[in-house]
Amino acid sequence: MGELQKIIYNGRVAGVVVAGQAVISDALAEDDERMVKAMCLYALEVAAGREPGPYTEQRALGYARRATEGARP
């Protein structure tokens, strides 16, 4: 098993990333889910060495904001 990365969003654990997979809480509003998915992607990218580490909540939020800009209908 790999290292577990908690994905904290709005002060609570909204998902986890472990062993190359993300598990996301099913109790999220659409916009929140979009952000959490992007934060999980960032954690996966850091773990794979494609994004500079270490993973931090602040870096993940920045990545997610950039990734989701313009994604809202």
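One structure accompanies this document, and this report is about it. Bear in mind that the values here come from a model prediction, so they are computed numbers and not experimental data.

Describing unusual backbone geometry
- With omega at 0 degrees, the peptide bond leading from G53 into P54 counts as cis.
- Tracing the sequence through the fold places P54 in the loop between α1 (30-48) and α2 (57-68).
- Of note, the phi angle at A19 is positive, near 50 degrees, even though the residue is not glycine.
- As for its placement among the helices and strands, A19 is situated in the loop between β2 (12-18) and β3 (21-24).
- Its relative accessible area of 55% is what places A19 among the exposed residues.

Some thoughts on the packing of α1 against α2
- In contact at an axis separation of 8 Å, α1 and α2 are set at 120 degrees when each is read in the N-to-C sense. In terms of axis orientation, α1 runs oblique to α2. In this structure, α1 crosses over α2, and the sense of that crossing is right-handed. Taken together, the residues of α2 that come into contact with α1 (itself represented by R34, M35, A38, M39, L41, Y42 and E45) are E57, R59, A60, L61, Y63, A64, R65, A67 and T68.
- When grouped by side-chain class, the residues that make up the contact of α1 with α2 number ten nonpolar, one polar and five charged.

Some points on the layout of surface pockets
- The volume enclosed by the largest pocket comes to roughly 210 Å³.
- Taken together, E3, Q5, V17, V18, A19, G20, A43, L44, V46, A47 and Y55 make up the lining of the largest pocket.
- Contributing elements (two or more residues each) for the lining of the largest pocket: β2 and α1.
- The element contributing the most residues to the lining of the largest pocket is α1, with four residues.

Some words on the sheet that holds strand β1 (residues 5-9)
- One open sheet holds the three strands; their spatial order is β1-β2-β3, and the pairing between them is antiparallel. Two strands bound the open sheet, and with one partner strand each, they are β1 and β3. On average, adjacent strands in this sheet sit at an angle of 25 degrees to one another, irrespective of strand direction.
- For β2 and β3, the ladder comprises four bridges, and the chain directions are antiparallel. Residue V17 lies in a different strand from β3, and its bridge partner there is A22.
- Most of the contacts of α1 go to β1, to which it runs at about 150 degrees, and overall it touches β1, β2 and β3.

Calculation rules
- Residues numbered from 1 in each chain as written.
- Predicted model: local features only at pLDDT ≥ 70, side-chain atom pairs only at ≥ 80, totals over all residues.
- Heavy atoms only, no water.
- Helix = DSSP H or I, 4+ residues; strand = E, 2+ residues; numbered from the N terminus.
- Buried < 20%, exposed > 50% of the residue type's maximum accessible area, 1.4 Å probe, protein only.
- Axes fitted to C-alpha atoms, helices over the stretch in contact; angles between N-to-C directions.
- Parallel < 35°, antiparallel > 145°, perpendicular 65-115°, else oblique.
- Left-handed = near helix turned anticlockwise from the far one by under 90°.
- Contact = heavy atoms within 4.5 Å.
- Nonpolar A, V, L, I, M, F, W, Y, C, P; charged D, E, K, R; others polar.
- 1 Å grid on protein atoms, 1.4 Å probe; cavity = no way out; pocket = protein on both sides within 12 Å on 5 of 7 lines; lining within 4 Å.
- Points joined across faces, edges and corners; volume = space filled by probe spheres on them.
- Pairing = 2+ DSSP bridges.

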